[in-house]
Every structure is written in C-alpha cells, then in structure tokens.
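# Close look at the chain arrangement
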Amino acid sequence: MTTSPRVADRPVARPDRREQRWSLSARLLVLLAAALVPVVAIAVYSQVELRREYRAEVHRQALQLLGGLESEQEQLLEEIRHLLATVRQTRIVREQDMAECARFMDRLRPDYPAYLDLYVTDRNGVIRCSTDAASLGITIGDRVHVRRAIETDGLASSGYILKRSNGRPALPFAIPYHDDADRVAGVVTVLLDTRWLEDYASRRSLPENATFVLADENGTVLARAPARPDLVGVGLPAPWHSLLHASGSGVEELPGLDGVDRIVAYSPPVPGTGGLLVAVTLDREKALAPIDRTSYRMVGLLALILALVATILWWGTSRLVRAPVAALVAATERWRRGDLAVRAGLTGVPREIAALGDAFDAMLEDLEAQQARLRRAEARYRSIVDTAVDAMAVIDEHGIVQSFNPAAERTFGYQADEVIGRNVSMLMPEPHRSNHDGYLAHYRRTGERKVIGIGREVEGRRKDGSIFPLELAIAEWRVDGERFFTGIMRDITERRETQRRLEESNRLLTTIIESIPEPVFVRDREGRFILVNSSTCALLGRDAAAVLGTRDRDYCPPAIADRIEASDREVLETGRAIVLEQELQDSTGQRRTCLSTKAPLRDASGAVVGVIGIAFDISERKRSEEHLHAAKAEAERANLAKSKFLAAASHDLRQPVQSLTLFLDLLKVRLRDHPAAVVLGNMEQALEALGALLDSLLDVSKLDAGLVVAQPAPIPLAPLLERLAAEYAPRAEAAGLRLRVVSPRVVVRSDPVLLERMLRNLIENALRYTKRGGVLVGCRRRGEHVRIEVVDTGIGIASDQFQDVFEEFYQVGNPERDRRKGLGLGLAVVRRLSRLLDHPVELHSRPGRGSTFAILVPRATVVELPQPPARFSGGDGGFSPGVVMVIEDDALIRIGLEAMIEDWGHTVLAAASVDEAIVMTDREPLPDAVVTDYRLQGGRTGLDAVLSLQAKLGRPIPATIVTGDTAPERLAEAKRGGFRLLHKPVGPLELKEAVTAMLRESRKMG
C-alpha cells in the first residue's frame, strides 16, 4: 500500500491504550452510524406521522359510514311516520272493514320493501288486517308501543321487539285510529324488520370486510350486515360494553364479533328509551394494510442502504482507506485553522468510496420520495375537505383564497376556479367587503383578534348578489413561517327563518290573549307574574314590563294577598282547576269581587309549574245581591238578569277561548319538533281545563235564561239507548263494571238532543259513583208515557240530600272537589232540562245500595221518524266523483295519497314517473285532474309531467303541484302555468279542497 509522502513525513503519535481498543474500520462505522442517525430518525418519524394520520383518516371514514347509516335510518323512520298518519285516515280503517283492508294490504305489499310489515288491530290489540298473513289473529295489545299509542292518542314507539309471527327482531311504531264517533277503535302498527340493515349494506359500496351492527341497550346483538345468523341474539363482547354507556359517538379499536380486530365507529343508545347501539366496523388489518406495506418498504430500504454502506466501508478499509483518511484528517485540520477553501484533493479514489457517496445520494433520493408520499397523503386529506357538508375556504394573510371546497361552491354559487386567487372579500356584502383588507392589516400589525377562534354570525354574498346569514368559525395556522386562515361556514337561513316563525307565533299568541277582555294571567310557583294581558295591567294600574316578576302582595293588602296565595297553593298542590270568588284591589284602591277560574300550568313531564287564570269582575252583581237580599222576588229577578247576561255573553266569552284553541293547534302543527312545542302543550292543557269550566257554567246560565228552545220530534228509543251503551261500554269495562241496556221498541216525543243530554248526564253520574256491580238502563210503559230508568249499585244518596244533588256544584262524597268526579253541574243541567221539556225526573236511593233516576217521557202518537243524514260520497257542492291522476316517485307517499283520495270517493290513477303517467292515458279512464310532486325521477319536474299530459290528451287539464321547495321561483312557475301550488306537508283538508276545485274547473272546461 503506497502512502502519500505528505502523510509519511508527518510524525505519528503513539496511540494510547483506549485508541487501541478500536480499529479504524470500527471507528468509521461508528462515525457513519452517528451521521446516519438523524436521517434515519427523520425517516422513521415521518413514517410514524404518516401512519398516525392514515389511521385518523380510516377513523373518519368509519364515522362517515356511520353517519350515512344513521341518516338512512332517520329517513326510513320519517317515511314510516308518514305512512302511519296516512293509513289511519283511510275510510276502510276507520270503518274497520277488514275484508277491504286485506285487499288494500295486498295492493300495498309489492310497493314497499319486504322488511316493512303493516298491521291494523282492533281495540283489543288483535291483528285483523296485515301485509304479513302469518300475523293475522295474533294479539299484540300487551306490547309497550301499542299501549303507549292508545294512552297518548298519538304516534308511539319502543325498543326493538321479537315479531310473534317469525321471532325476528324489529323496531315497532304505532298510532291509534278512530271510528266515526271519534273513539279509539284500534291501532295501526308498522314493524321495521332488521333486514333493512342488510338491504342498506347491499346497496352501498363498502370497504372489504366492513360490517354494520345493531344492538339493544342491554348489549344483545339484533342485526349484523353482512348477515351472520350465528352472531344475532348473542351478547356483545366484553370490550364493547363501555360503548353502551358512552356519552356520544366515537371510534374505538376493539375485537369484532367474529374475533377479528376492528375499527369500530359507534353511536351509543340513550338510556331508558329502548334506543340502539349503531356501529360500523372496519377490518383493522385490511384498513391499515396500505400504510403497513409502505412502512415495510421504507424499513427494508433503510436496512438495505445501511447494509450496503457497511459492506463498502469494511471492504474499502481493508484495501485502500488509510491514505485517504490521513488526507481527510489533514484537510480537516486546515479547515479548523480557518482555511475554508480547503479540499481533500484525493486522486485515484477507489470506486468503493465513490459508491459510499452514491449511497448517500440514494438516501437523499429516498428522503425526497418520502416527501412525495407525504404530499400524496396530504391530497387524500384534502379529499376529506372536499366531501365536508360545511363550506370551507383557506386564505393567506393577504386575504387571497387558496382553496374552496364543493360545499362552498354550493353555498355561494361560485365555481372554485372563479374564487381561488381572488380576494375573499368578494364573498362579503358591503361595508365588510371594502373594509376586509383593513381588518387583516390591523391583525397583522397588532395581533388583536376579533373573529379568529371565535364563532359568530355574519352575512355572505352569493354570486347572484343575494345576501344570506352565515355561521362563521376561523382558525389560524402556519406552514414554513407563512400564515393561513381556514374559514368554516354554514348557511343558517333556515335557522333564521325558524326563529322568525317562532317570534311570529309568540306575537300571535300574545295578540290572542290580548283579545280576551277579562284579566288573564299566568304565575309561577312563587306567585310571580310571568304573563299578563292588558286587562290585568289596567286592573293593577301598571304596564306589562312593570307587572312581570311582581306578586299580588305588591298591590293588595296582606289579608287579600294571603287569600289569593292560598287558592294558588291549592291549585299547585292538588293539580286541579278551581272556580272561586276572590276579593281584589284595583289601582285606585277600590276593592272588587271577581269570579276567578284557576288551572294548573304543567311542564313537559306533567309537573305543575305555575297557575293560569282568568278573572270575571262580578262586583256589581255582588253589590246588587247585598242591596236586594231582603226581597226574595227581587233577588230572583237579579239572579235571572245575571243568568241572561251570562247566556247572552256566551259567544263573547267562548270566542276568544275558541280562537286561542285553534291558534294553539296551528302552532302545535307548525312547531311539532321545535323545543317551543313543550310550552304550547302546557298552555293547551291549562286552556282545556279553563274551557271545560266555562262551558259548564255557560250551559247552566243559558238554560236559566230561557235561551235554549226545545224542538220535540218522534224519537225511537232503542237506537238511542243502544248507541249510548256502545259508547259507554268500554268506559264501564275499564272500571270493572257491567253496563246493560233493556229497551222495548217504543217511540217517544221529545227533543232528541236535549233528551240525549239528560241520559248522558245520568249515565255518567252512575258510572262515576259506582265502584262495584254495574249500571242498568231500561224502559217501562206507563200509560201514555214511557219511564226511562238509570239504575246503579253505587254509593247511594241519603233522602235529606234528594233536593241538594240537583243544585249547582253540590256533590255527594267529594268534599275535596276532585275534578275526576265532575264539577257538580250534571244533575243541575238535568233538572233544568226536565223543566224545559216537561219531563218529570224521579229519584229513589238508599245509602250503600245504589240509586234509580227515572225520566217520564210522553209516547209519540204518530211515528214520523227523521231520515238519517246522507253520508259523504266524495263529491262537493253537487259534483259527482272524478278521476284524479297522482304522480309521485316516493312509493309510501304515493300509496298514502292514493288511499286518501279514494276515501273521498274518487278514482285514482297512481304513477311513479312521467313516462308511466303517459302510458296510463292510452286507456280509459282518462284523468280529470292531476296531483303531482314537483321533483320526479330522471331530473324531471311536475310541470314537465302536466305539460306532457296536456300534449298527449290534446286539451288543458287542471293540476296541483305539491312541493317541499319554498323558493319564490316555484310559485312563479306554477302561476305562469296556471296551476295550483301546495307546500309540503299538505293536510287532508287542504288537499281535499284543491281536488274539489280542480274537478269543478274540469267540468266547466268539458
């Protein structure tokens, strides 16, 4: 080995003992390793970060799949609610025509999925009509959802149940239906079989080995897609139990039901509601396989490079390395002394050393490749932004837009290439548009944040120039020292509209309350006023702002305030309405006597949270009674004048209460799912109690005033008594009593309405005060009269109370004034009707043995029975039934419209598309009118459908277009075409009026 003279002349130091422990090759290896450690560390760190971000992307993918599954479930449930509400309104269900119902179910079955079953039961819960023939005759009255629907008289559901026809798990829904007397006649039930999950999975493009899982709140697996029957009905694995009690949706990595490690995106059930655990699982190994392969290739490449370098180093040092090393050492010493231009000047460098340099170059190339892979990962993350629901835009520190996702394109109406590279102020209305650059400059200069990191509501400007409200959140981030801002925006136009409607509803409610001329007030449990009308303010001598939050004690002497608060406490503690006279003091200090009606105000849970009341000023009447108390005749005339006054004022008193009832019902429909619906429900309960009290009082007053005129006519008693028996039999059965009716075929002469009112009061009174035994209603001939008797086995009445029970508000055995036992006005009305009709009433009773009330009615001499009223035949205003074409691509809605219009007596041609409707016109019957959805299959509209039908038929045809789109453009389009436009949801009455008007118009054309 030849040595450079320069190196040979250099004195060689004697290595110490420590240096002798290391060979030159070993030292070079250590040096090389130290040099490669940062490079390897950077590569490993990059790979770890890439793996972490890829795992996060897989988690987000699982959550997106979960969100799609939950959206599908919610849409399916909404369609079920619509189907239930429609079917229960059909004639065949209300009339309980089960044969026709069976044929109706046969027509329904092909039009909706196999995982939906529709049942119609009688009032005992026995399935009488069903799309599932195996379920006929099965009793489901004990089911929670059936009982809950009957108890609430509304839509009800429960947790998943096992179908009694085949044992499969299903989610039940039920809603009661009523007969012609508006009584609950049974329930309409829909069972959503868990097979819908398998159907949903089959229609989606899922990652390999991905699964959907449904489990109840007890951890029992209800369904799995793709199907694994061996896993359904078993308990969830122990690691899954924590998901049942989670506070919200999330992602965990757990062993799957099949033992495979999985990434699980889940939505936990709500405890106590029978909710479900919904989960989407991805095979962890397959989901992370791409990043695992990348990591393995990276590790292999690094290992290969290190092995290659080590081999070259060992081989080079064994042949020709000492001289080049010495030269490098010399060059290093010169560099240390400041000779920065020094070079090693190695000549004849072996290829092995050159290979070492090539190896380093290759390593740098690998690092560059790794950076390229990181950029590709960033592109994948970008795809997440592109699929986001909210609008997202990125700007630099000068306000120039760098990115603009598809949601932003939909929100603002611009394409991304129209916005990127331009100032973001183009998306803002004035004055923010002109001032935005100044805002950014101020922030760069001072760092003062006004919007960044703080969510707020702003206004945006669309491409068409329209201004709309936005919810905006801005985040700041940096890359290589450059500052960027990400804005996340959400169009809140619908939210603003909802708020506007709620405010309008509140104003409407205030207007209704203000229209009541008497003082109306609402107080909380502490006696503070929370709602008053102008009459209350006038009584107290203050405006509403000053009254709210105060108490009666702030206006009245302590003695009067104590009595008012005592009556309020009675309502709060008993939960029952009361009617009483109270003394009040007005703003002038004058004391007034008022007839006050107070009812409990309840919250959503039924708890009493306050008192609602109305006060009638009866001071003048009280003063008149005090002045004329000595003269009985004068007192009777005063009492009669009072009764006439109340009877004459019945319309004025009923009208504001009736208006309030109608408007509350309208508000309840419009705000059905809004949080304010709870308050409307509370006010509705209080209003019902107030209305019941007012009705009873006014009925008595009208009878006293002689404003009720009898209209006698021949009445067959048998149908009347049988109808009453059918109506009260369920109530008697529910109370454990027997109700029997024995009636001969006899005709009497009386007012049919007033006689029925007398009998109803007597039967209700008998059922209310009978705990054991039963009630018998029968007739006996007594010469030219018929004696109608109502006999009970109730508590009985002492002989010294025979006259008292016919007085107002007098009740036997009800000192606590329990409203469930009535108001004490039923027999008072019976006595007054007895006098009006000249039908004597007799009472026989013994305490503990029951009572007998008898009405003596004259027999009819000539039988002239009134004709029964004609049933509605589907026409209106003299028109005969017509042919109505329904075009609707949603099967459930189409079926509901078809059933509803057929129930009105018309012939319905139902089509799912424009083409199908055109084909139907090739044969009779041809349509007289068209009801069509606006948005149809294939991007076509209801306008296209009507114009195509008119072209095919060669004549104009009346049409009504139904749409959920409230944009003004829809109304303009319908107006230009001369068509009616109805907005969803369309009520039965509104639709019926439209169909009747179209048929009338069609006949005028024809």
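Read on for an overview of the structure. (Residues numbered from 1 in each chain as written. Predicted model: local features only at pLDDT ≥ 70, side-chain atom pairs only at ≥ 80, totals over all residues. Heavy atoms only, no water.)

Time to look at the state of the cysteines. For the structure shown, the criterion picks out one disulfide. Between C101 and C129 runs a disulfide, and the two sulfur atoms are separated by 2.1 Å. Looking along the S-S bond of the C101-C129 disulfide, the torsion reads about -95°, which is the left-handed sense. Taken as a pair, C101 in helix α4 (residues 98-108) and C129 in strand β2 (residues 127-130) lie far apart in primary sequence, 28 residues in all. (Disulfide = S-S within 2.5 Å. Helix = DSSP H or I, 4+ residues; strand = E, 2+ residues; numbered from the N terminus.)

Okay, the packing of aromatic side chains next. The description of an aromatic ring pair rests on the distance of the ring centres and on the angle between the ring planes. Applying the stated criterion across every chain, the model contains six aromatic pairs. Taking 5.6 Å as the distance between ring centres and 65° as the angle between the ring planes, the aromatic pair formed by F412 and F468 counts as edge-to-face. With a gap of 56 residues between them, F412 in helix α12 (residues 406-412) and F468 in strand β15 (residues 467-479) connect regions that are remote in the sequence. In this pair, the class of F412 matches that of F468, namely buried. Among the aromatic residues, ring-to-ring pairing joins F404, F412 and F468 into one connected group. Stacked on the ring of F468, the Lys or Arg R462 has its end atom at 3.9 Å from the ring centre. (Phe/Tyr/Trp six-rings, centres within 6.5 Å; stacked < 30°, edge-to-face > 60°. Buried < 20%, exposed > 50% of the residue type's maximum accessible area, 1.4 Å probe, protein only. Lys NZ or Arg CZ within 6 Å of the ring centre and 35° of its normal.)

You can see T770 is positioned in the loop between α24 (752-768) and β25 (774-782). A sequence separation of 23 residues divides T770 from T793, and the C-alpha atoms of the two residues are 6.1 Å apart. Non-local contacts of T770, meaning those with residues more than four positions away in its chain, are made with L737, V775, D792, T793 and G794. Of note is the side chain of T770, whose polar atom sits 2.5 Å from the backbone oxygen of A766. (Contact = heavy atoms within 4.5 Å. Polar contact = N/O pair within 3.5 Å; in protein donor to acceptor, adjacent residues only side chain to side chain.)

Orientation of helix α23 (residues 717-734) relative to α24, taken along the N-to-C sense of each, is 30°, at an axis distance of 11 Å. Taken together, the axes of α23 and α24 are roughly parallel relative to one another. Seen from above, α23 lies across α24 with right-handed handedness. Contact residues: α23 offers L717, L720, L721, R723, L724, E727, Y728, R731 and A732, while α24 offers L755, E756, L759, R760, I763, E764, L767 and R768. Counted by class, the contact of α23 with α24 contains ten nonpolar, no polar and seven charged residues. (Axes fitted to C-alpha atoms, helices over the stretch in contact; angles between N-to-C directions. Parallel < 35°, antiparallel > 145°, perpendicular 65-115°, else oblique. Left-handed = near helix turned anticlockwise from the far one by under 90°. Nonpolar A, V, L, I, M, F, W, Y, C, P; charged D, E, K, R; others polar.)

Once that is clear, we can look at the sheet that holds strand β18 (residues 529-532). Pairing is antiparallel across the open sheet formed by five strands, whose spatial order is β18-β17-β21-β20-β19. Each end of this open sheet is capped by a strand with a single partner; those strands are β18 and β19 (578-585). The mean inter-strand angle of the sheet, taken between neighbouring strand axes irrespective of direction, is 30°. The sheet contact formed by strand β20 (residues 591-602) and strand β21 (residues 608-617) spans nine bridges and is antiparallel. If you follow L595 over to β21, its bridge partner there is F616. Strands in contact with helix α18 (residues 558-574) are β17 (520-524), β19, β20 and β21; relative to β19, the strand with the most contacts, it is inclined by about 155°. (Pairing = 2+ DSSP bridges.)

This brings us to helix α28 (residues 942-953). Here α28 contains twelve residues, and its C-alpha end-to-end distance of 16 Å stays within 8% of the 16 Å for a straight helix at 1.5 Å per residue. Within α28, burial applies to G942, L943, A945, V946, L949, Q950 and L953. Taken down its axis, α28 places every buried residue within 165° of arc, on the same side. Two residues or fewer past α28, G954 is found with a positive phi of approximately 75°. (Expected span 1.5 Å × (residues − 1). Arc of directions from axis to C-beta.)

A separate point is the pattern of salt bridges. One pass over the full model with this rule turns up 56 salt bridges. A salt bridge links R745 to E722; the shortest N-O distance between them is 3.7 Å. Linking R745 in the loop between β23 (738-742) and β24 (747-750) with E722 in helix α23, this pair joins segments that are 23 residues apart in sequence. Take R745: its relative accessible area is 65%, and that puts it in the exposed class. Overall, the relative accessible area of 43% leaves E722 in the partly exposed class. Here R723 ties to E756 by a salt bridge, and the two come within 3.0 Å at their closest N and O atoms. Here R723 is found in helix α23, whereas its partner E756 is found in helix α24, with 33 residues between them in sequence. Judged by its relative accessible area of 42%, R723 is partly exposed. (Salt bridge = Lys/Arg side-chain N within 4 Å of Asp/Glu carboxyl O.)

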